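Now for the letters of each chain:
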Amino acid sequence: MVLSIGCDEGDLWYNYIMLLEDYRNERLRKLNELKERGIDPYPAKSNRNTKISDVVNHFDERDGQEVVVAGRIVSIRSFGKLVFLKIRDYFGEVQIFMKAVTETTPEGLLGAKDVKLLDTGDFIEVKGIVGKSQTGEISVFADFVKLLTKTLRPLPEKFTNKEERYRRRYVDMNVNPEVRERLVRRSKFWKATRDFMNNHGFIEVNIPVLEHTTGGADATPFVTHMNALDEDFYLRISHELPLKRLLGGGFEKVYDIGPRFRNEGVDDEHLPEHIAFESYAAYENYEDGMKLYEEMIKYVAMETWGTLKFNVGGFEIDLDCEWPRVKYADLLRDRFGVDVFNPDREQLLGVLKENGVEVDPSTTTPHLIDHVWKLIRKTSAGPYWLIEEPLSLSPLAKKSAENPLVTERFHPVIAGTEMGNGFSELNDPLDQLERFEEQQAARDAGDEEAQMLDRDFVEMLEYGMPPACGWGNSERNFWLLEGVPGREAVPFPTMKRKDGEV
């Protein structure tokens with residue numbers, strides 16, 4: 001059956017789909033012939049003992065040795081009794097040289113005369129001698145090969161349609177290997193984060209994803225139902241409150257890396273499901289945090305990309321400096337004349353309208369201020385630390401001792417985005433309860449992103465939590481420095497289901 005794919009006429013993927021039924025039928029015929037010969041087209045075990053990169057990169061040592069390599073066939077060429085295959089594993093490619101032999105083909109194997117039963121895309125195992133062909137190409141010389149997987153669909157030569165690339169990421173990774181290489185860097189990014197935190201005395205503690213009351217951020221949560229308890233739960237929007245409960249339980253330095261879920265739109269900087277990192281250190285404040293996490297961001301960048309210089313969205317970024325600190329209120333006053341401590345709603349709405357930002361007239365004043373700040377942020381190259389965010393925008397941060405209208409909160413601003421969020425944590429239970437109640441009132445009035453009143457968390461604070469600094473960043477940092485939108489940088493981006501899909 002031909003798959004129904006909505007593509008523009010002339011698109012390579014569309015043309016490929018139109019031919020797929022014929023390709024598949026021919027491969028099914030070959031599959032049946034293999035089975036009739038008693039060959040298992042999907043054996044459970046491979047005897048591979050050598051990676052292809054070991055053959056290619058250490059040829060002088062491997063020359064003349066017998067090896068067993070395995071991989072996917074990427075090309076097949078036949079010249080009379082000679083067959084040249086090229087196979088690829090995760091580590092590289094190598095040529096397989098075969099010639100027809102008069103001896104009987106061992107059971108379960110295929111010789112040069114059987115190459116018609118193989119196709120590009122099939123996985124094979126090859127036992128042979130390492131050497132070079134007459135043209136000087138490193139090769140494995142073999143009389144027979146073992147089929148490991150018979151494929152029924154051929155990989156397209158090119159794969160550029162963005163929608164189909166995201167839906168069939170396994171095809172995308174094969175045809176566009178840079179996608180797979182990006183995911184390797186993503187893994188390095190999180191490994192470097194873990195290494196840095198572990199080396200600075202932090203303990204990784206995995207915390208629940210399902211919560212009765214979700215908090216720690218202004219975001220709309222996903223809701224699910226647990227049958228065992230017959231209760232609704234929220235998928236966490238932040239790691240914050242459970243990790244701070246650990247501080248109340250006696251831990252001093254903790255962090256968690258894992259998924260969080262925000263039921264919001266999808267754009268270049270936001271995915272409803274993404275990986276995030278949060279950490280908390282007792283007996284430290286935001287001054288300590290800025291020093292530590294500036295060091296961490298630089299370390300992770302160097303470990304992942306090997307540089308601290310980036311060109312991101314037209315911004316030339318150099319992280320290799322001491323980042324200046326800029327006050328939130330000063331930025332909005334100097335750029336738009338906004339007084340964040342005595343905000344004028346009409347002024348805020350006017351600024352947003354003049355800059356092409358449409359908002360619901362019922363939007364709360366703190367959110368209007370945040371929208372105005374984002375106008376500044378989007379034009380900021382950075383790096384710099386944005387500090388002293390107003391109290392109304394930071395329900396979980398501690399007030400500044402010098403100015404009770406602002407909080408000890410800090411954001412690193414780089415290439416038009418906030419690459420993290422941290423603050424001196426609020427540990428006054430009465431102050432926290434008052435702020436939660438204000439947030440809950442806003443939520444009851446219709447603000448779905450306002451935080452929920454978490455009485456258990458307040459109770460924990462009444463038992464006592466030491467002063468602490470908290471920090472969080474998401475994989476948006478990776479997307480940003482990698483220079484791609486979010487869906488390009490995750491293995492399987494969430495897509496809207498198409499008609500007919502199971």
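Residues numbered from 1 in each chain as written. Predicted model: local features only at pLDDT ≥ 70, side-chain atom pairs only at ≥ 80, totals over all residues. Heavy atoms only, no water.

Turning to the pairing of strand S12 (residues 253-261), a few remarks are in order. Most of S12 is tucked away, with 7 of its 9 residues classed as buried. Bridge count between strand S8 (residues 203-204) and S12: 2 bridges; the pairing is parallel. Opposite Glu-204, over in S12, you have Tyr-255 as the bridge partner. Pairing analysis gives 9 bridges linking S12 to strand S13 (residues 273-282), with the strands arranged antiparallel. Across the sheet, the residue bridging to Asp-256 is Glu-278, located in S13. (Buried < 20%, exposed > 50% of the residue type's maximum accessible area, 1.4 Å probe, protein only. Helix = DSSP H or I, 4+ residues; strand = E, 2+ residues; numbered from the N terminus. Pairing = 2+ DSSP bridges.)

Here strand S18 (residues 409-414) lies mainly inside the structure; 6 of its 6 residues are buried. Of the two faces of S18, the one carrying Arg-409, His-411 and Val-413 and the one carrying Phe-410, Pro-412 and Ile-414 are both buried. Bridge count between strand S17 (residues 384-387) and S18: 4 bridges; the pairing is antiparallel. Within S18, the position partnered with Trp-385 by the bridge is Pro-412. Here S18 pairs with strand S20 (residues 421-424) via 2 bridges, running antiparallel. The residue of S20 that forms the bridge with Phe-410 is Gly-422.

What follows concerns the pattern of salt bridges. Scanning the model with the defined rule gives 41 salt bridges in all. A salt bridge links Asp-89 to Arg-48; the shortest N-O distance between them is 3.4 Å. Of this pair, Asp-89 sits in strand S2 (residues 82-89) while Arg-48 sits in the loop between helix H1 (12-36) and helix H2 (52-57), and the two are 41 residues apart along the sequence. Overall, the relative accessible area of 39% leaves Arg-48 in the partly exposed class. Linking Arg-167 and Glu-163 is a salt bridge whose minimum nitrogen-to-oxygen distance equals 3.1 Å. Taken together, the positions of Arg-167 and Glu-163, both in helix H4 (residues 162-167) and 4 residues apart, correspond to about one turn of that helix. Its relative accessible area of 18% is what places Arg-167 among the buried residues. Residue classification places Glu-163 among the partly exposed residues on the basis of a relative accessible area of 37%. One salt-bridge network, in which partners are shared between bridges, spans Arg-165, Arg-169, Asp-172, Arg-182, Arg-185, Glu-482 and Glu-488. (Salt bridge = Lys/Arg side-chain N within 4 Å of Asp/Glu carboxyl O.)

Note that all results are geometric; they support no functional claim without further evidence.
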